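# Examining the three-dimensional arrangement
Below, each chain spelled out in residue letters.
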Amino acid sequence: MRTRFILIQTSHAGNVGAAARAMKTMGFSDLVLVAPRWANVLRREETIQRASGALDVLANARIVETLDEALDGVTHLCATAMIPRDFGPPTRTPREHLEPLAKQGKKGDQHVAFLFGSERFGMRNEDVYRCNVALSIPTDPKFGSLNLGAAIQVIAYEWRLALGGYEVREAIQPVQAADAQAVAGMLDHWERSLVDIGFLDPGAPKKLMPRLQQLFNRAQPTPEEIHILRGIAKAMSDATRPPRGDKADKGGKAPGND
């Protein structure tokens, strides 16, 4: 479904860059600016820095003089207005409105646009009246002020979620648990080492080893972790043995007794 983000009379160049970044992270690219404060806002250093790599969105963005030009081809217009109006379109949360809108869009050709007002003045009533809905992001009633870039990120996320979203990728590759034989060998090693350090009485072992077996079954250690655990067991046993140079000199003569 075609999607456009429209910013009216943006006064801070950084917010244009933040908008481009927010859009790109959610897979959107159609950005239109209506009468921004800076004619060269798409090339300003602050804009480029805040875009943080979303330069293709900035490169494809358009600047127009009127809202009518920005709405060319749009079939469903969503205002983003935190202040309810006594007259105008219904006010809905983004999720409440966008989920059914996405389902409807699959049945026909829809071109959705999200309209954002000036940072200083918000949206004019006459612009809100042109919209099919006023989206209001649920915020703390005591502090509902959202930065323009943050508001665009929320709307872009909710719309992408309604359209199907993206899969969450694992940060690391899934690990393979060690097989039962490796775990059993490690437990045998630990049993010997626990006896060596006096923690386990081989004559009355009780249920220590079965409990350890259950612990490691739940933990599902990897082969690398089994290797570490066996290294710990070896270090425990080695700690109980005297250093090689400390053995008594059996059969030798005592010094000074010639």
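Quick caveat, the model's predicted, so the values are computed rather than measured.

## A word on the pattern of salt bridges
If the charged atoms of two oppositely charged side chains come close together, the side chains can form a pair. All told, the structure shown has ten salt bridges when counted by the stated rule. Residue Asp 238 pairs with Arg 241 through a salt bridge whose shortest N-O separation is 2.8 Å. Note on Asp 238: relative accessible area 35%, which makes it partly exposed. Among the charged side chains, a salt-bridge network with shared partners connects Arg 124, Glu 126 and Asp 127.

## Side note on the confidence of the model for the protein chain
Looking at the protein chain, the pLDDT average stands at 89 and 91% of residues meet or exceed 70. Across residues 252-258 the pLDDT falls below 50, and counting only partners more than four positions away or on other chains, this stretch makes zero contacts in the model.

## What about helix α8 (residues 180-196)?
With 17 residues, α8 should cover 24 Å at 1.5 Å per step; its first-to-last C-alpha distance of 24 Å lies within 8% of that length. Buried residues of α8: Val 183, Met 186, Leu 187, His 189, Trp 190, Ser 193 and Leu 194, and no others. The arc that holds the buried residues of α8, viewed along the axis, is 165 degrees, so those residues lie on one side. Those residues of α8 that are buried lie in contact with α9 (208-219) and α10 (223-239). Of the residues flanking the end of α8, it is Gly 198, one or two places downstream, whose phi is positive at about 80 degrees.

## Let's talk about the packing of aromatic side chains
By the definition in use, this model includes five aromatic pairs. Seen in terms of ring centroids, Phe 5 and Phe 116 are 6.2 Å apart; in terms of plane orientation they differ by 15 degrees. Their pairing is stacked. Separated by 111 residues along the polypeptide, Phe 5 in strand β1 (residues 2-8) and Phe 116 in strand β6 (residues 111-116) bring together distant segments of the chain. For the pair Phe 5 and Phe 116, a shared accessibility class is recorded, and that class is buried. Between Phe 114 and Trp 159 the ring centres are 5.8 Å apart and the planes differ by 70 degrees, which places this aromatic pair in the edge-to-face class. In this pair, Phe 114 is assigned in strand β6 and Trp 159 in helix α7 (residues 148-163), connecting sequence segments 45 residues apart. Accessibility expressed as a relative area gives 0% for Trp 159, which makes it buried. A cation over a ring is seen here: Arg 44 above Trp 38, with NZ or CZ 3.9 Å from the ring centre.

## Describing the domain arrangement of the protein chain
Looking at the protein chain, the domain boundaries give domain 1 (2-163) and domain 2 (180-239). Placing a centre on the C-alpha atoms of domain 1 and another on those of domain 2 gives a separation of 60 Å.

## A closer look at unusual backbone geometry
Backbone geometry at Ala 35 places phi at a positive 45 degrees, although glycine is not the residue there. Locating Ala 35 in the fold gives a position in the loop between β2 (30-34) and α2 (45-51). When its relative accessible area of 25% is taken as the criterion, Ala 35 is described as partly exposed. Despite not being glycine, Lys 206 has its phi angle at roughly 55 degrees, a positive value. Within the secondary structure layout, Lys 206 lies in the loop between α8 and α9. Judged by its relative accessible area of 76%, Lys 206 falls in the exposed class.

What counts, and at which threshold
Residues numbered from 1 in each chain as written. Predicted model: local features only at pLDDT ≥ 70, side-chain atom pairs only at ≥ 80, totals over all residues. Heavy atoms only, no water. Salt bridge = Lys/Arg side-chain N within 4 Å of Asp/Glu carboxyl O. Buried < 20%, exposed > 50% of the residue type's maximum accessible area, 1.4 Å probe, protein only. pLDDT = per-residue confidence, 0-100. Contact = heavy atoms within 4.5 Å. Helix = DSSP H or I, 4+ residues; strand = E, 2+ residues; numbered from the N terminus. Expected span 1.5 Å × (residues − 1). Arc of directions from axis to C-beta. Phe/Tyr/Trp six-rings, centres within 6.5 Å; stacked < 30°, edge-to-face > 60°. Lys NZ or Arg CZ within 6 Å of the ring centre and 35° of its normal. Domains from an automatic or database assignment.

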